[in-house]
Amino acid sequence: GTGKVVWAKNNEIQTTTVRGLAGAVDDEDALPDGERLPVIPRDLGACELYPQAIKHNCNGRFIAVCGDGEYIIYTAQALRNKAFGQAIDFVWSATGTGDYAIRESTNRVKFFKNFKESRAIKPATASADALFGGHLLGVKGGDSAVLFYDWDSGEFVRKIDVAPKEIYWSDAGNLVLIACADSAYVLSYNAATTASAIAMGQVNPEDGVDGSFDLLYEISDNITSGEWVGDCFLYCNSSGRLNYSVGGKIQTLVHLDTNSSGATTHRILGYLAKEDRVYLVDKSLNIVSYKIMLAVLQYQTAVMRGDFDAANELLAVIPEAEYTTIARFLESQGFKEEALEVTTDDDHKFDLSLELGKIAIAHGLMEEIPPDEKNSIDTMAKWKKLSDAALKISDFELTEACSLASDDFPGLLLLYSAVGNFDGMEALAAAAQKKGKTNVAFISYLLTGNVEACANLLIDTNRLPEAAFFARTYLPSRVEEIVSLWKADLSKVSETAANALADPKSSPDLFPDLDVALQVEQMFLAQREATKATGISASDYPTAKDDLELDLIALVKSQAVAAPPPPPPPA
């Protein structure tokens with residue numbers, strides 16, 4: 001584009017240029033994206049008719065003003081009259097400076113070459129409702145179809161059964177987008193095949209030129225305005241988004257302002273490649289711009305074509321600030337290895353390294369987290385993700401480190417109990433109790449045989465009934481102490497209920513075999529002390545597991561019966 005904008009206010013034609021108004025990217029005074037540009041309009045003069053549409057020709061040297069069933073072609077610089085006539089519709093060719101077409105009626109279309117009429121055709125449709133310019137002349141038929149005709153020969157090229165709102169041709173003429181009410185279709189156009197068929201007289205009157213168009217992909221969006229940049233299509237949709245499509249993959253660049261009904265108020269004016277900016281205008285003639293690097297669009301286009309050599313060359317000229325955008329595009333195309341190499345965003349790199357199973361890279365990123373972020377929720381969640389990934393590949397050392405870093409006490413409980421890490425379980429019990437994770441702490445103390453700590457934990461958390469029953473089983477020597485605490489606490493609610501509680505001192509008959517239970521407790525504590533240094537080997541499980549079924553009270557009582565009576569005292 002040239003950067004020149006022309007508009008009409010009533011009969012007055014005005015112009016301005018947007019080139020350079022946004023400022024350079026590295027300029028401190030550069031306008032932010034979306035900021036209104038300070039355009040200075042210049043009057044070109046008055047038009048002889050009331051303008052309803054203004055259209056530039058392919059090189060910007062001429063403009064056509066249309067309205068009231070007439071058209072006038074002016075020079076773009078000084079608004080000098082070049083040609084005029086009557087027409088319902090007017091469109092320019094994408095190539096010839098003075099090549100255009102008009103629709104005189106619903107069944108007659110005229111071609112002009114170098115501002116002179118060259119031929120007239122009657123389109124092969126019941127009613128020609130609209131014209132579309134570009135590399136071929138498009139005629140919208142009343143039967144929900146568009147017919148394409150060659151500019152030079154007027155030959156029928158192809159009929160496509162869709163009802164277009166607008167048609168957009170790429171600069172090279174090899175791609176065309178047909179925008180319909182709720183979707184758009186991107187087709188490739190084979191100009192060589194068409195030219196050859198026309199030259200050899202092989203155009204079918206009904207079907208046109210076979211192989212002239214091929215459907216590439218569909219865009220499920222309501223496009224209101226657009227512009228081709230190479231093989232990439234920039235467009236605004238009806239819901240106020242500025243998007244672009246590369247090979248059918250849609251990327252949203254920005255959310256634009258909408259009216260009260262949620263519809264977009266902007267249209268795309270054009271794209272200036274030298275400034276890497278797309279320009280938009282709203283209905284109040286406010287012009288804004290957004291930065292879109294041409295090199296980024298070309299890179300993505302090269303990737304879609306599978307031309308990675310060209311893509312790598314382009315990557316060298318793309319600023320690092322755009323690398324994360326590039327990486328996310330590569331990821332969306334399934335090139336996750338390449339995305340990991342390109343991205344500069346640590347969060348993105350972390351997620352990609354986990355997906356690719358590169359645990360060491362993810363761990364290295366976590367080790368580099370600044371101290372002020374180490375206790376954040378996001379950091380803890382990352383440690384948990386890394387822990388799960390390490391566990392999947394049986395890297396227990398890294399799993400433990402990640403779980404410790406994220407205070408994943410349930411994970412550590414699972415790990416230590418699975419691998420038999422006694423020291424780790426003891427440390428976990430203390431850490432969990434300190435952090436208030438009493439359930440994990442209780443289980444950890446119980447698995448390590450620290451029944452005293454279990455009882456103390458229940459008392460500290462005011463779970464006195466549970467503490468009393470726990471002591472009745474594992475620490476009978478502390479039953480009286482804990483029941484007295486329970487009584488004192490319960491008396492605050494009900495003195496009667498507190499007095500109903502029994503303890504070994506006041507009701508020894510309700511605690512049969514208590515003396516035996518005290519012996520069993522001492523046996524347990526002695527056994528625990530004896531095996532604490534070395535533990536019990538896993539290889540001893542086949543025989544040790546039977547100990548779990550022993551009735552220790554009955555065993556001690558039977559041993560007491562079988563023991564010989566003590567010798568009589570000496571005379």
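As a reminder, the structure under discussion sits directly above these lines.
Residues numbered from 1 in each chain as written. Predicted model: local features only at pLDDT ≥ 70, side-chain atom pairs only at ≥ 80, totals over all residues. Heavy atoms only, no water.

## Some words on the layout of surface pockets
To find the voids left in a structure, one rolls a probe of water-molecule size over its atoms. We count it as follows: Space inside and on the surface of the protein is sampled on a 1 Å grid over the protein atoms alone, with a cavity defined as a set of points where a 1.4 Å probe fits but cannot get out and a pocket as an open set with protein on both sides within 12 Å along at least 5 of 7 lines; lining residues have an atom within 4 Å of a point. Grid points are joined across faces, edges and corners, and a volume is the space filled by probe spheres set on the points. By definition, any uninterrupted DSSP run of H or I lasting at least four residues is a helix, any uninterrupted run of E lasting at least two residues is a strand, and each is numbered from the N terminus. Three classes are used, and their members are as follows: Ala, Val, Leu, Ile, Met, Phe, Trp, Tyr, Cys and Pro are nonpolar, Asp, Glu, Lys and Arg are charged, and the others, Gly among them, are polar.
Its volume calculated, the second largest pocket comes out at about 1,900 Å³. Leu447, Gly449, Phe524, Ile536 and Leu548 are, among the 43 residues lining the second largest pocket, the residues nearest its centre. Mapped by element, the contributors of at least two residues to the lining of the second largest pocket are α10 (409-419), α11 (422-434), α12 (438-447), α13 (451-460), α14 (464-474), α17 (514-531), α18 (541-544) and α19 (552-562). Top contributing element to the lining of the second largest pocket by residue count: α17, with nine residues. For the lining of the second largest pocket, a count of residues per class yields 21 nonpolar, 12 polar and 10 charged.

## Notes on the environment of Lys9
For clarity, the cut-off: Working rule for contacts: check all heavy atoms of both residues, and any pair within 4.5 Å makes them a contact.
Positionally, Lys9 belongs in strand β1 (residues 4-9). As for Lys9 and Tyr50, which are separated by 41 residues in sequence, their C-alpha atoms are 9.4 Å apart. Residues within four places of Lys9 in sequence aside, it is in contact with Gln14 and Leu285.

## Observations regarding the side chain of Thr194
For the record, the criterion: Relative accessibility under 20% of the residue-type maximum defines a buried residue, over 50% an exposed one, and the middle range a partly exposed one, all with a 1.4 Å probe and only protein chains included.
As for its placement among the helices and strands, Thr194 is situated in helix α1 (residues 191-199). A relative accessible area of 1% places Thr194 in the buried class. Contact partners of Thr194, with chain neighbours within four places excluded, come to Val157, Tyr189, Val209 and Ser212.

## Points about the pairing of strand β25 (residues 277-282)
Note the following rule: The pairing criterion for strands is at least two bridges between them, as found by DSSP.
Among the six residues in β25, six count as buried, and that is most of the element. Alternating positions in β25 separate into two faces, Arg277, Tyr279 and Val281 on one and Val278, Leu280 and Asp282 on the other, with burial throughout. Pairing geometry for strand β24 (residues 266-272) and β25, over six bridges, is antiparallel. Across the sheet, Ile268 pairs through a bridge with Leu280, a residue of β25. The turn linking β24 back onto β25 is made up of four residues, and Asp276 within it adopts a positive phi angle of 55°. As defined by bridge partners, β25 adjoins strand β26 (residues 287-291) across five bridges and the pair is classed as antiparallel.

## Let's talk about the pattern of salt bridges
What counts is decided by this rule: In what follows, salt bridge is the name for a side-chain nitrogen of Lys or Arg lying within 4 Å of a carboxyl oxygen of Asp or Glu.
By the definition in use, this model includes 24 salt bridges. The closest approach of N and O atoms between Asp276 and Lys291, which form a salt bridge, is 3.6 Å. Here the residue Asp276 occupies a position in the loop between β24 and β25, and Lys291 occupies one in strand β26, the gap between them amounting to 15 residues. Overall, Asp276 belongs to the buried group, its relative accessible area being 13%. A relative accessible area of 24% places Lys291 in the partly exposed class. Close ionic contact of Lys382 with Asp378 constitutes a salt bridge, the shortest N to O distance being 3.8 Å. In this pair, Lys382 and Asp378 both sit in helix α8 (residues 377-392), four residues apart, roughly one turn of the helix. The class of Lys382 is buried, set by a relative accessible area of 13%. Salt bridges here are not isolated pairs; linked through shared partners, they connect Glu104, Arg108, Lys110 and Glu117.

## Brief notes about unusual backbone geometry
Located in the positive-phi region is Asn462, a residue other than glycine, with phi close to 60°. In this structure, Asn462 sits in the loop between α13 and α14. One non-glycine residue, Asp513, lies in the positive phi region at around 60°. With respect to the helices and strands, Asp513 occurs in the loop between α16 (495-499) and α17.

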